[in-house]
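Descriptive analysis of the structure
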Amino acid sequence: MTLAPEQEGRPAPGRSFPVADAWATAFDAVPRSLFLPDLVWAHDMATGKSRPVDRTGDEDDWLAVAAADIPIVTQWDDGEHRGAEPGTVPTSSASMPSLVASMLDDLQAEPGMRVLEQGTGTGWNAALLAHRLGDANVTTVEIDAALSAQARAALERAGYRPTVVCGDGALGHPPGAPYDRIIATYGLREIPRAWIGQTRPGGLILAPFGTHYSNADALVRLTATGDGTASGPFLQPVEFMKMRSQRLRWPQNPADGGTVAESTTTSTLPPHGKFDPFPLAAGLRLRDVVHAIQPHQDGARTLWLYSLTTPAWSATTFPDGEDEHLVRQYGGRRLWEEFEQTLAWWHEAGEPGIERLGLTVTPDGWHAWLDEPARTI
């Protein structure tokens, strides 16, 4: 799913979402409805649920959904799902138009620039790019053969013929390199090194990036330097479906056996909503950890932390109205102590929002920073 908090700005007449002037003509000429299959699932951001909408049964409803500023699921379970009811895991979607418009503006692409899109999906975003930049300047990569074929057909019906590649996006597309811009439409936990190598010096990579600490992402805009390094700021919180090769695999941590250490803490749990700043900051500093929050009937919540690299977990329960909380830990990695160190850093830094954070990617890996690249987290 591709979600974002409310976008700023005023929509143009006849449009329910804001679009930068440079992209207005493309959005007016290329409606999302041209790229949607007959059966889609409209996603309600308030409830987190999706409902089927079939054009063959109710075309008016389908057209209204296509024009609405909401995400639309177009595939479940990597294409294995059948039937009208929602599947288990959404694996492809048409992003909410306001987010598509915002990302294209953030991409800072100008006519004459060459753009590599990662994640063709329905083909709508590629069509918007092709409308403004020209077919010859747009290459789009999709790993799913069925989705790639459907997008190619939809693009041709709409009158656009960018280069459509069915393949692994992690490899980029060397024949078209170097690119002035690379844009990803799925969430990442690692920036592929091939993308940096295929971006011209001074070129930009715009991608949703996050850590396995949570499912949330934040858009990061990296500038390539030409030496295998790219660096740049985070722009806004989002949530995207993840690159297939980088999806989270929950650790098989032992539930019992061994010694469980118990202690108490007076630390409080910061907000952990999908668009809150702490989960992103925590994941950037607290490496290879995934969290889950378990609600209890009495209003208490338990924060579970699991290591992705070694058998270890912690569970800290926060009862309503109590200042002291029970901590349980297992394994060779003391995750709660690491969490408290991260929490202390966040408070001392002034509880930074996403706009104060940035990312640098090198041939050896990545590191995050606060306010400027020299202030490594």
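That block above? That's the structure.
Because the structure is a prediction, the values reported are computed rather than measured.

1. Examining the packing of helix H3 (residues 97-107) against helix H4 (residues 124-133)
One way to put it is that H3 packs onto H4 with a least axis distance of 12 Å and a crossing angle of 45°. Taken together, the axes of H3 and H4 are oblique relative to one another. Relative to H4, H3 is oriented so that their crossing is right-handed. Residue-level contacts link Pro-97, Val-100, Leu-104 and Leu-107 of H3 to Trp-124, Asn-125, Leu-128 and Leu-129 of H4. Residues belonging to the contact of H3 with H4 are distributed by class as follows: 7 nonpolar, 1 polar and no charged.

2. Some words on the nonpolar core
The tendency in soluble globular proteins is for nonpolar side chains to be buried as a group. Judged by nonpolar contacts, the single largest core of 48 residues is most densely connected at Ile-191, Phe-209, Tyr-213, Phe-234, Phe-339 and Leu-359. For this core, the element with the most residues is helix H8 (residues 335-348), which contributes 6 residues. The contact partners of Phe-234, leaving out residues within four places of it in the chain, are Phe-209, Ala-218, Leu-219, Val-220, Leu-280, Leu-284, Ile-354, Glu-355, Leu-357, Gly-358 and Leu-359.

3. A look at the sheet that holds strand S16 (residues 325-331)
What the 5 strands build is an open sheet, ordered S12-S16-S15-S14-S13; its pairing is antiparallel. Two strands in the sheet have a free side with no partner beyond their single neighbour: strand S12 (260-265) and strand S13 (289-295). This sheet shows a mean twist of 20° between the axes of neighbouring strands, independent of strand direction. Lying on the sheet, H8 is in contact with S12, S13, strand S14 (301-307), strand S15 (312-318) and S16; it crosses S14 at an angle near 105°.

4. Description of unusual backbone geometry
The phi torsion of most residues other than glycine is negative, and most of the peptide bonds are trans. Cis geometry is adopted by the peptide bond preceding Pro-178, which originates at Ala-177 and carries an omega value of 0°. Mapping Pro-178 onto the fold places it in the loop between strand S7 (163-166) and strand S8 (179-184). A positive phi is found at Asp-78, a non-glycine position, where the angle reads about 55°. In this structure, Asp-288 takes a positive phi of about 55° despite not being glycine. Relative to the assigned elements, Asp-288 resides in the loop between helix H7 (277-285) and S13.

About the cut-offs
Residues numbered from 1 in each chain as written. Predicted model: local features only at pLDDT ≥ 70, side-chain atom pairs only at ≥ 80, totals over all residues. Heavy atoms only, no water. Axes fitted to C-alpha atoms, helices over the stretch in contact; angles between N-to-C directions. Helix = DSSP H or I, 4+ residues; strand = E, 2+ residues; numbered from the N terminus. Parallel < 35°, antiparallel > 145°, perpendicular 65-115°, else oblique. Left-handed = near helix turned anticlockwise from the far one by under 90°. Contact = heavy atoms within 4.5 Å. Nonpolar A, V, L, I, M, F, W, Y, C, P; charged D, E, K, R; others polar. Core = buried A, V, L, I, M, F, W, Y, C linked by side-chain atoms within 4.5 Å. Buried < 20%, exposed > 50% of the residue type's maximum accessible area, 1.4 Å probe, protein only. Pairing = 2+ DSSP bridges.

Any link to function would need more than the numbers given here.
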